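# Results of the structural survey
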Amino acid sequence: MKTVQLKTAKVLVASALLAAGTAALYSCGSSTANAPASAPPAQALPVITVSDHEVTSHREFTASIQGSRDIEIRPQVDGYLDRISVDEGAYVHKGQVLFHIDARPYTEQLNTAKASLQSAKAALESASINVEKLTPLVANKVVSDVQLKTAKAGYDAAKANVAQAQAAVDAAKINVGYTSVTAPADGYIGIIPFKTGSLVGKNNVEALTVLSETKDIHVYFSMSELDFLDFKQEFEGSTIEQKIKNIPPVELVLADNSVFPQKGKVQVVEGQFDKTMGAINFRATFPNGNGLLRSGNTGRIRIPRQLAKSVLIPQEATFELQDKVFVYTVLDSNKVEGRPVTVADRSGRYYLISKGLKPGEKIVYAGLDRLRDGMAIAPQKMSMDSLLHANPI
């Protein structure tokens, strides 16, 4: 009987312990489930310290390129094109024959002029003999001096006829020479609208072609009134000519955004503004010894502009919102705050900031799309000098 009671007691104790353990486990699990979720760790983002730098920025202006001389090649005589000795786009040298006009009519004119010259020379010789014959007779009073004067007048007329005939020969030679149309300078040949057999002449509306002299190239660009006012204030000099002389060498950015290896010099400015465009034209000259530039090319003139120390930040550290440029500044608590900045200029991949940032402040360099005002980050310091070394201004 006692044995049965003892077993019953042990079962009750075990049941109580099991119930207590279950209750404790349930209580623990319930407490864990009801605890608030822990905050995610702060994002590790690169941060740069803003500093000021002496910067050379650039102002760019759309430009058109022309040869230093675009020369229309026109015939000086009328006739049929007998031969075209050059192709479109070819580079030619001064004196090289470009076109041949049928020379036969002009050769015949030359032969006729030479024959007339020989006849005039014979008449002059006859008049000279007549003067020589009459001179002693007049001296001996065999004949009157009137006959001698008449003979001398005939001699002078014959001499004038020889000169006239010689001029006709020279003119005929010139016309024969004009049947070979030559290049007046080194350069590139443009479009040739005529073909072999075409009738050409001095009164043709179209030129035979246009030769572009490109040893030096002219690049034309224009400034608005505001740009022109800035230009006058930026460069020293009491006159526009003096200010132009103080413009440093300029660069030419080609259509593929590459920079032409040679630098140019601004030389000429137009005398007045174009009333329809509200702009004034400038001309810069570039050496073009390698012939890379051709008339008709386009590009952009880049004028360097030396600025005093300015706050410089990479464009990647900015974002735009409603036509304004913003950065995320890092506060003392490592929380970020969006701040608008004023871009004064740009140089390469960098912005020059005139308002909104001061040297020594910190901004987030990357990962801006993941940030919101008030978010905390784990700043990872990044050197501005390393950025400038990797991507120079």
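Before any of the text, the structure's been laid out above.
Residues numbered from 1 in each chain as written. Predicted model: local features only at pLDDT ≥ 70, side-chain atom pairs only at ≥ 80, totals over all residues. Heavy atoms only, no water.

Our focus in this paragraph is unusual backbone geometry. Although it is not a glycine, Q322 adopts a positive phi angle of roughly 55°. Relative to the assigned elements, Q322 resides in the loop between strand 14 (319-321) and strand 15 (324-330). Classification of Q322 as exposed rests on a relative accessible area of 74%. For D323, which is not glycine, the phi torsion reads 65° and is therefore positive. Here D323 shows up in the loop between strand 14 and strand 15. (Helix = DSSP H or I, 4+ residues; strand = E, 2+ residues; numbered from the N terminus. Buried < 20%, exposed > 50% of the residue type's maximum accessible area, 1.4 Å probe, protein only.)

Before going further, it helps to spend a moment on the pattern of salt bridges. Counted by the stated rule, this structure contains 9 salt bridges. For R302, the salt bridge identified is with E251, shortest N-O distance 3.4 Å. Of this pair, R302 sits in strand 13 (residues 298-314) while E251 sits in strand 10 (residues 251-254), placing them 51 residues apart in sequence. The closest approach of N and O atoms between R349 and E316, which form a salt bridge, is 2.7 Å. (Salt bridge = Lys/Arg side-chain N within 4 Å of Asp/Glu carboxyl O.)

Moving on to the pairing of strand 3 (residues 79-84). Pairing of strand 3 with strand 8 (residues 199-200), which is carried by 2 bridges, proceeds in the antiparallel orientation. Looking at strand 8, one finds that G79 is bridged to V200. (Pairing = 2+ DSSP bridges.)

This next bit is on the nonpolar core. Counting residues in each nonpolar core, the largest one holds 25 residues, and the members touching the most others are F221, L252, F282, F286, I301 and I303. At the level of elements, strand 2 (51-73), strand 9 (209-224), helix 4 (225-234), strand 10, strand 11 (265-269), strand 12 (279-287) and strand 13 are the ones that each hand at least two residues to this core. Sequence-distant contacts of I301, that is, excluding residues within four places in its chain, are made with R59, E60, F61, A63, V219, F221, V250, E251, L252, A284 and F286. Grouped together as the second largest cluster of nonpolar side chains are 20 residues, I313, V327, L357 and I363 included. (Core = buried A, V, L, I, M, F, W, Y, C linked by side-chain atoms within 4.5 Å. Contact = heavy atoms within 4.5 Å.)

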